[in-house]
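Coordinate inspection notes
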Amino acid sequence: MVPVTVILIYIVVASFLVYTFRNKKPLKWSDFFLNGFPMLKVIKNDNIYCIPGPLRLPFIGTKWQQIKMNKLHEYYADLNKTYGNIVMEMNGNIPVISLFKREDIEKVLQFNSAYPFRPPTEIVSFYRQKHPERYSSLGLVNEQGPQWAKLRSKLTPKTLESKRMLSTFCPELNEICDEFINAIKQKRNANNVLENFDDLMKMMSLEASSSLILGRRMGYLQESGENNENFMELGNAAKNIFAIFRDAFYGNCLWKYFPSRIYKEYAANEEKIYNIILEIIKNTIQNNEFMAQDKENESILVKILKTEGLDIRDKISGVIDFLTATQVLSHTAIFLLSFISSNAEVQEKIFQESSLLSENPSLDELNKAHYTRAAIQESFRISPSAFAVARILEQDFNLSEYHVEAGNIVLCHNMIACNNEENFENAKEFIPERWLNENGEMNPNQPTNSSIVVPFGCGRRTCPGKKLSEMELVILVIKLVREFKIEYMSPCEQQFEFVLAPRGPINIKFENRV
Ligand code: HEM
């Protein structure tokens, strides 16, 4: 009897709430009795509650649909098929609108904004607000408005985004890639198959990022036993954190009310990263590293420590945010190598191009590796790790004939739009040539609709690691394909870990070229 009463009360309360939200006026008793289940009816057509989408229930919204959190990318593709170009979900009681149509995505992402608003990662914001002794703001990734602009201008231009910095780092990156190739040779089995390549790839991208950002070689690519325990912990914490973001955002949000398992896991990983970075900073200061004269070879950490007008807590959180963000690079590399593995002709063309470059190519040489760069861009088109770009609207928009007011969260589904035949011919096929002009030069604006290929986001909030990541991917592919014939032992499946990640284990045959 008790469960039946609870369900009845729930239906009545749900009807009132949904009706009131949809029609912006309270439900009268007469409506309820005369209309049956008004929660299922659309009365007006000019607000977001009229946008089609799965059944929204009070308190849990549409979360009941997202049971398989590691398959959310497939869930969104199904939503697009079922409901069309624009779909509304409720994340608890927060409306989230998904856009799949190119014109809508362009409208939102090309909106010229001084401070583009991207919804923050809730659990990070929540935790950082509770720890003012460590964090004076939400940090570069999560802050908004003028505070974000200040962090962005202080933390990035002289560091991650400068051409000089990339040129200086290029020789070291060549060295790290050689170390990576040696590790592959040592770890592959008698049949030349390397099992769990995904683990080694993560270590490679962490080694590269730590070397650039912290100015330290961590030894992630060395045989186990030689590694510093702290550095291994840092690596593991950075690896875990994305899946925690996903579970906190798409799972239940009990962590907002009490320290649930997911909150404790997040706090443990964040504290691990924080403490190790703090230790490294103390050592850097003690060893007088930032008094060094060699400005060219200064690490990003030293550059950030020297930046004036920024609270030390923001400097630390900036370094943490850079290090955690670099995880995405290893996912991207695995998707890219899988396309190269299943397209023998593409692999051969990259090999030909790589043979023309010097053993340790410079940044200028890498920029001329047009075919390889086109292959990377094509991989980004079909399988970008950030498969949707989120924004909070700063003004009202008409999107697919619905009026969407400022302040709403929208997800621009660039991956789904990029895999749609309406936007790209033979959209599901891997064709690097579509990015090349008649002289065989890479042209990112070449294909019609290239404006929706935004693997690093868009506008002033674009990823500051874009140029570094592109350079790293070109060196990596050129060196790997020059050394080995690459063959994935099974198709590379994808799973959702807040960003799109490969589903391990990834086993690859690396056969020496003769
Ligand atoms: C292939 C690798 C990478 C991909 C696909 C990627 C993708 C992205 C995307 C889509 C965004 C959101 C941009 C927007 O909202 O418009 C972003 C933001 C960001 N990325 Fe990356 N990223 C990569 C590598 C990196 C690396 C290596 C770093 C650091 C060294 C980094 C640091 C950041 C930071 C700090 C932000 C926040 C920027 C802000 O809000 O101002 N990313 N990234």
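Conventions adopted
Residues numbered from 1 in each chain as written. Predicted model: local features only at pLDDT ≥ 70, side-chain atom pairs only at ≥ 80, totals over all residues. Heavy atoms only, no water. UniProt positions renumbered as here; feature names shortened; annotations may be inferred. Pairing = 2+ DSSP bridges. Helix = DSSP H or I, 4+ residues; strand = E, 2+ residues; numbered from the N terminus. Axes fitted to C-alpha atoms, helices over the stretch in contact; angles between N-to-C directions. Contact = heavy atoms within 4.5 Å. 1 Å grid on protein atoms, 1.4 Å probe; cavity = no way out; pocket = protein on both sides within 12 Å on 5 of 7 lines; lining within 4 Å. Points joined across faces, edges and corners; volume = space filled by probe spheres on them. Nonpolar A, V, L, I, M, F, W, Y, C, P; charged D, E, K, R; others polar. Near = heavy atom within 4 Å. Polar contact = N/O pair within 3.5 Å; in protein donor to acceptor, adjacent residues only side chain to side chain. Core = buried A, V, L, I, M, F, W, Y, C linked by side-chain atoms within 4.5 Å. Buried < 20%, exposed > 50% of the residue type's maximum accessible area, 1.4 Å probe, protein only. Parallel < 35°, antiparallel > 145°, perpendicular 65-115°, else oblique. pLDDT = per-residue confidence, 0-100. Expected span 1.5 Å × (residues − 1). Phe/Tyr/Trp six-rings, centres within 6.5 Å; stacked < 30°, edge-to-face > 60°. Lys NZ or Arg CZ within 6 Å of the ring centre and 35° of its normal. Patch = residues over 30% accessible without salt bridge, like charges linked within 9 Å, V, L, I, M, F, W, Y side chains within 5 Å. Areas by Shrake-Rupley, 256 points an atom, 1.4 Å probe, with all protein chains shown as cover. Salt bridge = Lys/Arg side-chain N within 4 Å of Asp/Glu carboxyl O.

Going by the annotation in an unreviewed UniProt entry, the name recorded for the chain is Cytochrome P450, with Chironomus riparius given as the source organism. What UniProt states about the chain under its Cofactor (unreviewed entry) heading is, verbatim, "heme".

**Brief notes about the sheet that holds strand β7 (residues 409–412)**
The strand order β1-β2-β7-β4 describes an open sheet built from four strands, whose pairing is mixed. Every interior strand has two partners, whereas the edge strands, β1 (86–91) and β4 (389–392), have only one. Strand after strand, the sheet turns through a mean of 25 degrees between neighbouring axes, direction not considered. Two strands pair when backbone bridges link them, and β1 and strand β2 (residues 94–99) are joined in this way by six bridges, in the antiparallel orientation. Across the sheet, the residue bridging to Met-88 is Ile-97, located in β2. Sitting on the sheet, helix α4 (residues 102–109) is in contact with β2, β4 and β7, with an inclination near 120 degrees to β7.

**Thoughts on the layout of surface pockets**
A volume near 590 Å³ is recorded for the largest pocket. Along its surface, the largest pocket is lined by 26 residues, and Arg-373, Gln-377, Pro-444, Lys-466 and Glu-470 are the ones closest to its centre. If you list the elements that add at least two residues to the lining of the largest pocket, you get α7 (163–187), α15 (363–367), α16 (370–382) and α18 (466–483). Here the lining of the largest pocket gets five residues from one element, more than from any other, and that element is α18. Tallied by class, the residues present in the lining of the largest pocket amount to 14 nonpolar, seven polar and five charged.

**Some details on the site of the ligand**
Around the ligand, a shell composed of 24 residues is seen, among which Arg-118, Arg-152, Arg-391, Arg-461 and Cys-463 lie nearest. Interatomic distance of 2.8 Å between a side-chain N/O atom of Arg-152 and an oxygen atom of the ligand. When contributions to the shell around the ligand are tallied by element, the ones reaching two or more residues are α6 (145–155), α12 (312–325) and α13 (327–341). Considering every element that reaches the shell around the ligand, the biggest residue donor is α13, with three residues. When its residues are assigned to classes, the shell around the ligand shows 15 nonpolar, five polar and four charged.

**Focus on the nonpolar core**
With 150 residues, the main nonpolar core has Phe-180, Phe-197, Leu-214, Ile-277 and Leu-480 as its most contacted residues. Looking at which element gives the most residues to this core, the answer is α7, with 11 residues. Sequence-distant contacts of Phe-197, that is, excluding residues within four places in its chain, are made with Phe-180, Ile-184, Ile-334, Leu-337, Ile-506, Ile-508 and Phe-510.

**Overview of helix α5 (residues 122–130)**
Think of an α-helix as 3.6 residues a turn; residues three or four steps apart then line up on the same face. Along α5, the residues that are buried comprise Ile-123, Val-124, Ser-125, Tyr-127 and Arg-128. Here the buried face of α5 lies against α9 (229–250), α10 (261–286) and α12.

**Focus on the sheet that holds strand β8 (residues 484–488)**
With antiparallel pairing, three strands are arranged side by side in an open sheet as β3-β11-β8. Because the sheet does not close on itself, it has two edges, and the strands there are β3 (193–194) and β8. The sheet contacts of α7 involve β3, β8 and β11 (508–512), and relative to β8 the element is tilted by about 65 degrees.

**Considerations on empty space enclosed by the protein**
Scanning all chains against the criterion turns up two cavities of 30 Å³ or more. If you add up the space inside the second largest cavity, you get close to 40 Å³. Lining the second largest cavity, in full, are Leu-206, Leu-234, Ala-238, Ile-273, Leu-323 and Thr-324. When its residues are assigned to classes, the lining of the second largest cavity shows five nonpolar, one polar and no charged.

**A short note on the packing of α9 against α12**
With their axes 9 Å apart at the nearest point, α9 and α12 run at an angle of 75 degrees to one another. In terms of axis orientation, α9 runs roughly perpendicular to α12. Taking contact as the criterion, the partners of Leu-234, Ala-238, Ile-241 and Phe-242 in α9 are, on α12, Leu-323, Thr-324 and Ala-325. Among the residues making up the contact of α9 with α12, the classes are represented as six nonpolar, one polar and no charged.

**Section: the confidence of the model for the chain**
With 87% of its residues at a pLDDT of 70 or more, the chain shows a mean pLDDT of 88. Throughout residues 30–44 the model reports pLDDT below 50, and contacts reaching past four residues in sequence, or to other chains, amount to 24 contacts.

**Details of α9**
The terminal C-alpha atoms of α9, which comprises 22 residues, lie 33 Å apart, in line with the 32 Å expected from a rise of 1.5 Å per residue. Those residues of α9 that fall on the buried side of the exposure criterion are Phe-231, Leu-234, Gly-235, Ala-237, Ala-238, Ile-241, Phe-242, Ile-244, Phe-245, Arg-246, Ala-248 and Tyr-250.

**Concerning the packing of aromatic side chains**
The relative placement of two aromatic rings is captured by the distance of their centres and the angle of their planes. Throughout the structure, instances matching the rule amount to 21 aromatic pairs. Residues Tyr-75 and Tyr-76 carry aromatic rings whose centres are separated by 5.3 Å and whose planes lie at 65 degrees to one another, so their mutual orientation is edge-to-face. When sorted by exposure, Tyr-75 lands in the same class as Tyr-76, which is buried. Plain terms: the ring middles of Phe-126 and Tyr-263 are 5.8 Å apart, the flat faces sit at 85 degrees to each other, and that makes the pair edge-to-face. Residue Phe-126 is found in helix α5, and its partner Tyr-263 is found in helix α10; the two are separated by 137 residues along the sequence. In this structure Tyr-263 comes out as buried when scored by relative accessible area, which is 11%. Over the aromatic face of Phe-424 sits the side chain of Arg-381, whose NZ or CZ is 5.0 Å from the ring centroid.

**Here we look at a nonpolar patch on the surface**
Residues Leu-55, Phe-59, Ile-60 and Trp-64 make up a contiguous nonpolar surface patch of roughly 400 Å² in combined accessible area. For Phe-59, a relative accessible area of 62% gives the class exposed.

**A look at the pattern of salt bridges**
Applying the stated criterion across every chain, the model contains 21 salt bridges. Between Arg-217 and Glu-179 there is a salt bridge, and its shortest N-O distance comes to 2.8 Å. Of this pair, Arg-217 sits in the loop between α8 (197–213) and α9 while Glu-179 sits in helix α7; the two residues are 38 residues apart in sequence, bridging distant segments of the chain. The exposure class of Arg-217 is partly exposed, given its relative accessible area of 29%. The shortest N-O distance in the salt bridge between Lys-349 and Glu-433 comes to 2.7 Å. Highlighted residues: Lys-349 in helix α14 (residues 344–355) and Glu-433 in the loop between α17 (414–418) and α18, separated in sequence by 84 residues.

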